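Spelled out from the first residue to the last, the chains are:
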Amino acid sequence: MKKPVPSLFLLIGVAAVVISVLAAEILIVKVQSTNLRSGPKFYAPIVQTLKAGDRLEKISAQPDGWIQAKIPGGTVGWIHTSAVQVQKFDLLALDRGLKTQASASEVALAGKGFNKQVEESYRAKHAEISFIWVDRMLAIKIPAERVEEFIKNGKLGEWRGAR
Amino acid sequence: MRTLGIKAVFWPALVVVSVSISCSVVEKGADILGEAGKISPSDQKAIVQSSQALRSTFADITEEEEYYIGRAVSALILSQYPVYQNESLTNYLNTLGRAVAYFSSRPETYAGYHFLVLDTEEVNALSAPGGFIFISKGLLKRCRNEEMLASVIAHEIGHVSAKHGLQSIKKSRLVEAFRIIGTEAARRYGSEELAQLTELFEGALGDVVETLVVRGYDRKFEYEADELAAKFALAIGYSPQGLLDFLQTMVGDSSSVSAQGWFRTHPSAEDRIERVKTKTASLGKLPVENPDRTRRFEKSLAGLK
């Protein structure tokens, strides 16, 4: 009797590859800057700093909004769903090409829309409106470790109920 | 067994072919996206052209656009109210705000959440799109503990999270802006388009500021923000009682007579209390006020004049 078993394994293996390719989801960073972290928490150690337009490949997702993802080069880490936009490939759009699916995210990548140039134009028209405090406000940086300490000392988050 | 043998050869072969087709498509897509920061003019044009058809509502406003709208709305708010400068209080507010945001449905925005105290006795809390949040001194003085302040912050994060500010922009304005943005392929606009876009930008800012400062949000948005506030507060571990306590202090507040700020722009506190109570009634055991949190709250607000 011939052994069909290895072929069956091959079938299953190849099918798994196909499924993974079809299901591959590309994530594009949509915030100015964020971090890929070693765990699904904002205060987990940083694996890699990312900026708007950077791409990741989704591996898995948790119901709390954290996504495990891989960056080019293979490094794996966690990123929050609010920092990324999902870019799905429409594999049936072979003849139309991928560009037909472009959306707001591509406009974002192209730096289009209400941007710095529009703000500059607005400010030139309204010299009486000051942006000094807006910039000072944006300069307030609270490191994630400080927030973690705050949560911990306040017996909040994972430390709730702790003595 | 023979039949199985043929199938075992046929299906993997078919699968391998489809994998190779799929891969080439994915690679092509990846190449396009890989060049995302510096796409060629023709790609950009195609992208922009198709976006013309796709962008139509507030939900299509990009994070970066939301950020620029939020910056200018904040500048307009700050042209009406002076900033209360107290570094330790501002740091406390920003740390607390960041912590609540971590447990919200939208912890990350284009440039993150930032908080300032407005130097006014008026009771008010305002949030500009993208996460610029303003809390008045008058409001801070009415909070007795961290739970109450956290609930106000959570309510504002709720507005940002659900993009309520952006929803006050007139749809016709957005459609017109998207049309101009979609027609002009270059990264920098020509003078005519820029003038038109600037005017639309100004109009959009007017819509948002009018809603935030003068008219107030639609009641359904306020109720939604209350619901989100209770949800986010619970997620981090604050009692939703904080929101109820805050609303209770607003009931019969003498300054409400002057119909300023919060009182002018929000539905009645009694009405909101009933709704929050109904939503939280079925939640079972809830967290309670914590003395450590109250101590640090009191310490941070001690110098408030």
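Everything below is about the structure printed above this text.
Just so it is clear, the model here is predicted, and its values are computed rather than measured. (Residues numbered from 1 in each chain as written. Chains lettered and ligands numbered in written order. Predicted model: local features only at pLDDT ≥ 70, side-chain atom pairs only at ≥ 80, totals over all residues.)

Chemist: How should I be thinking about the overall build of chain B in this particular structure?
Modeler: For chain B, the count of helices and strands is 13 helices and three strands. For chain B, the residues scored as buried account for 47% of the 305 residues in total. Put simply, of all contacts in chain B between residues at least 6 apart along the chain, 74% involve residues at least 24 apart. (Helix = DSSP H or I, 4+ residues; strand = E, 2+ residues; numbered from the N terminus. Buried ≥ 20, exposed ≤ 12 C-beta atoms within 10 Å, placed from the backbone. Contact = placed C-beta atoms within 7 Å.)

Chemist: Honestly, the overall build of chain A in this entry has me stumped. Any pointers?
Modeler: Helix and strand counts for chain A stand at five helices and seven strands. Element order for chain A, N to C, with α for helix and β for strand: α-β-β-β-β-β-β-β-α-α-α-α. The proportion of buried residues among the 163 residues of chain A is 29%. Expressed as a percentage of contacts within chain A between residues at least 6 apart in sequence, the contacts between residues at least 24 apart total 45%.

Chemist: Explain the nonpolar core to me, please; I cannot follow it from the model alone.
Modeler: Nonpolar side chains in soluble globular proteins generally cluster together in the buried interior. Ranked by size, the top nonpolar core spans 101 residues in total, and within it Val-100, Ile-135, Ile-153, Phe-232 and Ala-233 of chain B carry the most contacts. Ignoring sequence-local partners within four residues, the contact set of Ala-233 of chain B consists of Ala-150, Ser-151, Ala-154, Tyr-238, Pro-240, Gly-242 and Leu-243 of chain B. (Core = buried A, V, L, I, M, F, W, Y, C linked by C-beta atoms within 7 Å.)

Chemist: Could you clarify how one ought to interpret the pairing of strand β1 (residues 114–118) of chain B in this entry?
Modeler: Consecutive residues of a regular strand have side chains that alternate between opposite faces of the sheet. All names here are of chain B. Within β1, five of the five residues are buried, which leaves the element mostly enclosed by the surrounding structure. Relative to strand β3 (residues 132–136), β1 runs parallel, the two being bridged by five bridges. Bridge assignment links His-114 to a residue of β3, and that residue is Phe-132. (Pairing = 2+ DSSP bridges.)

Chemist: How do you make sense of the packing of helix α3 (residues 116–125) of chain A against helix α8 (residues 191–215) of chain B when you look at a structure like this?
Modeler: Helix-helix packing: each pair is described by the crossing angle between the helix axes and the interaxial distance. Interaxial distance between α3 of chain A and α8 of chain B falls to 9 Å at its minimum, and their mutual angle equals 75°. For the element pair α3 of chain A / α8 of chain B, the angle class is roughly perpendicular. Between α3 of chain A, through Gln-117, Val-118, Ser-121, Tyr-122 and Lys-125 of chain A, and α8 of chain B, the contact on the second element is made entirely by Leu-194, Leu-197, Thr-198, Phe-201 and Glu-202 of chain B. Split by residue class, the contact of α3 of chain A with α8 of chain B holds five nonpolar, three polar and two charged. (Axes fitted to C-alpha atoms, helices over the stretch in contact; angles between N-to-C directions. Parallel < 35°, antiparallel > 145°, perpendicular 65-115°, else oblique. Nonpolar A, V, L, I, M, F, W, Y, C, P; charged D, E, K, R; others polar.)

Chemist: Can you help me understand the environment of Ala-52 of chain A in this one?
Modeler: Residue and element names in this part refer to chain A. Summarising the element assignment, Ala-52 is placed in the loop between β3 (46–51) and β4 (55–61). As for Ala-52 and Arg-160, which are separated by 108 residues in sequence, their C-alpha atoms are 34 Å apart. Apart from the residues within four sequence positions on either side, Ala-52 is in contact with Val-29, Lys-30, Val-31 and Gln-32.

Chemist: I tried to follow the sheet that holds strand β2 (residues 125–128) of chain B on my own but got confused; where do I start?
Modeler: To summarise the sheet geometry, strands pair through backbone hydrogen bonds and adopt either a parallel or an antiparallel arrangement. Residue and element names in this part refer to chain B. With respect to topology, three strands assemble into an open sheet ordered β1-β3-β2, the strand pairing being mixed. Two strands bound the open sheet, and with one partner strand each, they are β1 and β2. Direction aside, the axes of adjacent strands within the sheet are offset by 20° on average. The sheet strands contacting helix α3 (residues 63–78) are β2 and β3, and the helix crosses β2 at an angle near 145°.

Chemist: Looking at this structure, I do not really get the packing of helix α9 (residues 219–236) of chain B against helix α12 (residues 269–280) of chain B. What am I missing?
Modeler: All names here are of chain B. For the pair α9 and α12, the least separation of the axes is 10 Å and the interaxial angle reads 45°. Accordingly, the angle class assigned to the pair α9 and α12 is oblique. The handedness of the crossing between α9 and α12 is right-handed. Residue-level inspection shows Tyr-223, Asp-226, Glu-227 and Ala-230 of α9 in contact with α12, the latter providing Arg-272, Arg-275, Val-276, Lys-279 and Thr-280. For the contact of α9 with α12, a count of residues per class yields three nonpolar, one polar and five charged. (Left-handed = near helix turned anticlockwise from the far one by under 90°.)

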